[in-house]
Amino acid sequence: MSSDGVDLNGAEPSVHDVVVVGAGFAGMYMLHKLRGLGFDVAVVERASGVGGTWYWNRYPGARCDVESMQYSYSFDPELEQEWEWSERYSGQPEILRYANHVADRYDLRRDIRFETTVTQVDWDDADNQWRLQTDRGTYLARFMVMATGCLSTANVPHFDGAETFEGPTYHTGRWPHEGVDFSGLSVGVIGTGSSAIQAIPVIADECLELTVFQRTPNYSVPARNEPLDASDQADWKANYRERRARMLTQQAAMVQRLPDGEDLAKEASATEFDERMQERWDVGGFTFYRAYSDIGLDAESNGRVAEFVRGKIAGIVDDPETAAKLTPHNTIACKRPCLDTNYYETFNLSHVHLVDVSETPIDRISAAGVVVDGQEYPVDALVYATGFDAMTGTLLRMNVTGREGARLADHWDAGPRTYLGLGVAGFPNMFTVSGPGSPSVLTNMIPSIEQHVDWIARCLVDLRERGAATIEPEADAEAYWVDYVNAVANLTLFPTCNSWYLGANIPGKTRVFMPLPGFPPYVEICEDVASDNYRGFALA
Ligand code: NA7
């Protein structure tokens, strides 16, 4: 790059008011919204299509854990009415079709540059603009929106000998678009997080032998997926405005099938407790975790609920040794809660094997399989269901520098620092959609995305009206926010597990609780900040 902004290969940079990184649900809505407000916007996207998470995560059984009628945009009532969902929880292909429908309906593709990967991002102090270098040219823009998703950089752990494995390997978050045929094959799956819990029963249906390598057992609750009843869908469509408004008043930005319990689990009688938990187990979904008000807050109450699930595992899994291995003993729901269809049941199948790698980790991968404690488990194909470098991984890999060349990686050395999860001190005019420090992954992502996009759009209009060139969080406001997020997280049981919420799944990553529990108070704070002349932000 030369100093006048011309690309080294001679091409002129592409100049816009706003450049958005990512064409998932956040980037698509950001583009649509800002276009409607008269901004010139370009979106860069490394994939060859829209959909973000749902573009990449095509593994067998990939499905949203939030019910279809709630996992969709609310910004256009016509879109809401015209789209028909087919199941209680949508599978990945259906959600990707929806994303493509939205892209077509609002003619979004003409402003999206696909197959374009950001390699370097620098703030230019002299010109008050961002310079994005990509593998397909340079972009200049006054404002930049990182719509890069929370789980978009795959975590592929290092195993000695992995390169010597003779069969194909796959990561759940980078699944081949043409699909994979496991029939007649012996398959290994590493990991038992929510991706694996969805994939294992489906892969088991197809393959000859399945060996699951489990480091930490996980709690899972039945999803009870089923075809969506036409009258249920019609009822939602008739009441969408009231229901969408109600979603925004809920901790996780979604309405549950049963009302949240307001009493304490530890005070319930044994009969009352079992009846209530059983009802929620039968209904399926996240309503299980909302049976009592203190499941996420009080260790004793949490322990009762955990024990209920442990009892279910013992009842479902025939072989007591396998059941014991599958039984978790940590806090329930302090890792991302999982929903399943026949997960524990799958381990009753004679061709499905469980290898516990908690005490003796995977030694290495050989040409023919996975070696644990000196024993080789032969497999023809290997699936890494090993998760993501969550919430910060993608942002940090883009080599972002702010004022005076300060690196985002240095600023976040001790964990991500943001104000409201929307901006970073020293990085003017950069917005993060569902960034660390916002409720994001603890909520239904689409309402969270809409709330951020609407806030950013309002902010850009206000700046335009005032003739302000820059906005950035003040250092004090950011420090206050980091402390606030930590203080709220410490009121809960979330920090008691080694979860990706804490960065604990990535060797060497600083352990800081990254999302903010509690959607409704967060929305109020954001409103209040904007109405109070963007309190905590410096405008120039
Ligand atoms: P997760 O929830 O991070 O699960 C990853 C799994 O991989 C988990 O069971 C890990 O065990 C396991 N893992 C990771 N590294 C290793 C090594 N080195 N050896 C053995 N096992 C390992 O990712 P998912 O994709 O399932 O879910 C991510 C989110 O995507 C999900 O919450 C939804 O929001 C969508 P561990 O528990 O760390 O011991």
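What counts as what
- Residues numbered from 1 in each chain as written.
- Predicted model: local features only at pLDDT ≥ 70, side-chain atom pairs only at ≥ 80, totals over all residues.
- Heavy atoms only, no water.
- Pairing = 2+ DSSP bridges.
- Helix = DSSP H or I, 4+ residues; strand = E, 2+ residues; numbered from the N terminus.
- Axes fitted to C-alpha atoms, helices over the stretch in contact; angles between N-to-C directions.
- Core = buried A, V, L, I, M, F, W, Y, C linked by side-chain atoms within 4.5 Å.
- Buried < 20%, exposed > 50% of the residue type's maximum accessible area, 1.4 Å probe, protein only.
- Contact = heavy atoms within 4.5 Å.
- Salt bridge = Lys/Arg side-chain N within 4 Å of Asp/Glu carboxyl O.
- Phe/Tyr/Trp six-rings, centres within 6.5 Å; stacked < 30°, edge-to-face > 60°.
- Lys NZ or Arg CZ within 6 Å of the ring centre and 35° of its normal.
- Disulfide = S-S within 2.5 Å.
- Left-handed = near helix turned anticlockwise from the far one by under 90°.
- Near = heavy atom within 4 Å.
- Polar contact = N/O pair within 3.5 Å; in protein donor to acceptor, adjacent residues only side chain to side chain.
- Areas by Shrake-Rupley, 256 points an atom, 1.4 Å probe, with all protein chains shown as cover.
- Nonpolar A, V, L, I, M, F, W, Y, C, P; charged D, E, K, R; others polar.
- pLDDT = per-residue confidence, 0-100.

A few points about the sheet that holds strand 9 (residues 209–214)
Whether parallel or antiparallel, the strands of a sheet pair through hydrogen bonds between backbone atoms.
Okay, so step 1: Strand order across the open sheet formed by five strands is 7-16-8-9-12, with parallel pairing between neighbours. The sheet is open, and its two edges are formed by strand 7 (169–171) and strand 12 (352–356), each paired on a single side. This sheet shows a mean twist of 20° between the axes of neighbouring strands, independent of strand direction.

Focus: the nonpolar core
What tends to happen in soluble globular proteins is that the nonpolar side chains get buried as a cluster.
Okay, so step 1: Of all hydrophobic cores here, the largest spans 135 residues; its most connected members are F25, F182, L210 and W455.
Okay, so step 2: If one sorts the elements of this core by residue count, helix 14 (residues 445–466) sits on top with 11 residues.
Okay, so step 3: Discounting chain neighbours no more than four positions away, the residues touching F182 are P60, Y170, W175, V187, I203, E206, C207, L208, A381 and V383.
Okay, so step 4: Ranked by size, the runner-up nonpolar core spans 21 residues in total, among them V118, L132, M398 and V400.

Quick look at the pattern of salt bridges
Okay, so step 1: Inspection of every chain in the model, using the stated rule, returns 34 salt bridges.
Okay, so step 2: Between D454 and K33 there is a salt bridge; the shortest N-O distance is 3.4 Å. You can see D454 sitting in helix 14 and its partner K33 sitting in helix 1 (residues 25–36), a full 421 residues away along the chain.
Okay, so step 3: With relative accessibility at 32%, the residue D454 sits in the partly exposed group.
Okay, so step 4: A relative accessible area of 27% means that K33 is categorised as partly exposed.
Okay, so step 5: For E78, the salt bridge goes to R105, with nearest N and O atoms at 3.4 Å. Within this pair, whereas E78 is found in helix 3 (residues 77–82), its partner R105 is found in helix 4 (residues 92–105), the two being separated by 27 residues in sequence.
Okay, so step 6: Overall, the relative accessible area of 56% leaves E78 in the exposed class.
Okay, so step 7: Given the relative accessible area of 29%, R105 is considered partly exposed.
Okay, so step 8: Among the ionic contacts, a cluster of salt bridges with common partners joins R35, D107, R110 and D111.

A few points about the packing of aromatic side chains
Okay, so step 1: Taken as a whole, this structure holds 38 aromatic pairs when the rule is applied.
Okay, so step 2: Relative to W85, the ring of W83 lies with its centre 5.7 Å away and its plane at 65°, an arrangement referred to as edge-to-face. Summarising the burial analysis for this pair, W83 and W85 share the class buried.
Okay, so step 3: Taking the centre distance of 5.5 Å and the plane angle of 85° together, the rings of W455 and Y534 count as edge-to-face. Here W455, found in helix 14, pairs with Y534, found in the loop between helix 16 (519–531) and strand 20 (537–539); they are 79 residues apart in sequence, far enough to count as distant. Taken as a pair, W455 and Y534 share a single burial class, namely buried.
Okay, so step 4: Taking the ring centre of W236 as reference, the NZ or CZ of R243 above it sits at 4.9 Å.

Quick look at the state of the cysteines
Okay, so step 1: Tallying each qualifying case throughout the model produces one disulfide.
Okay, so step 2: Put simply, C334 and C497 are joined by a disulfide, and their sulfur atoms are 1.7 Å apart. The chirality of the disulfide connecting C334 with C497 is left-handed, given an S-S dihedral of about -40°. In this pair, C334 is assigned in the loop between helix 10 (320–326) and strand 11 (338–340) and C497 in the loop between helix 15 (475–490) and helix 16, connecting sequence segments 163 residues apart.
Okay, so step 3: Summary of cysteine pairing: C338 is not part of a disulfide, and the nearest cysteine sulfur, belonging to C334, is at 11 Å.
Okay, so step 4: Classification of C338 by relative accessible area gives buried; the value is 1%.

Here's the deal with the sheet that holds strand 15 (residues 375–378)
Okay, so step 1: Pairing within the open sheet is antiparallel, and its three strands lie in the order 13-14-15. Looking at which strands have only one partner, the edges of the open sheet turn out to be strand 13 (362–365) and strand 15. Going across the sheet, the axis of each strand differs from the next one's by a mean of 25°, ignoring polarity.
Okay, so step 2: Across three bridges, the pairing between strand 13 and strand 14 (residues 369–372) is antiparallel. Looking at the pairing, I362 lines up with V372 of strand 14.

Quick notes on the packing of helix 8 (residues 270–283) against helix 9 (residues 299–316)
Okay, so step 1: Direction vectors running N to C along helix 8 and helix 9 enclose 65°, while the axes themselves pass 11 Å from each other. Viewed along their axes, helix 8 and helix 9 form a crossing whose handedness is right-handed. Residues A270, F273, D274, M277, Q278 and W281 of helix 8 lie in contact with helix 9, whose contacting residues are R304, V305, F308, V309, K312 and I316.

What about the site of the ligand?
Okay, so step 1: S194, S195, R215, T216 and K335 are the nearest of the 18 residues found near the ligand.
Okay, so step 2: Here S194 contributes a backbone N or O atom positioned 3.0 Å from an oxygen atom of the ligand.
Okay, so step 3: Within the contact set of the ligand, an oxygen atom lies 2.4 Å away from a side-chain nitrogen or oxygen of T216.
Okay, so step 4: Here the ligand, which alone exposes 780 Å², has 85% of that area covered by the protein.
Okay, so step 5: Here the residues of the shell around the ligand sort into seven nonpolar, eight polar and three charged.

Quick word on the packing of helix 1 against helix 14
Okay, so step 1: The interhelical angle for the contact between helix 1 and helix 14, taken along N-to-C directions, is 35°, at an axis separation of 9 Å. Judged by the sense of rotation from one axis to the other, the crossing of helix 1 with helix 14 is right-handed. When helix 1 is examined against helix 14, the residues F25, A26, Y29, M30, K33 and L34 are found in contact with a partner set consisting of I446, I449, E450, V453, D454, I456, A457 and L460.
Okay, so step 2: The residue makeup of the contact of helix 1 with helix 14, split by class, is 11 nonpolar, no polar and three charged.

A closer look at the confidence of the model for the protein chain
Okay, so step 1: Confidence along the protein chain averages 97 in pLDDT terms, with 98% of residues attaining 70 or more.
Okay, so step 2: This model gives residues 1–6 a pLDDT under 50, and the stretch forms 14 contacts once residues within four places in sequence are excluded.

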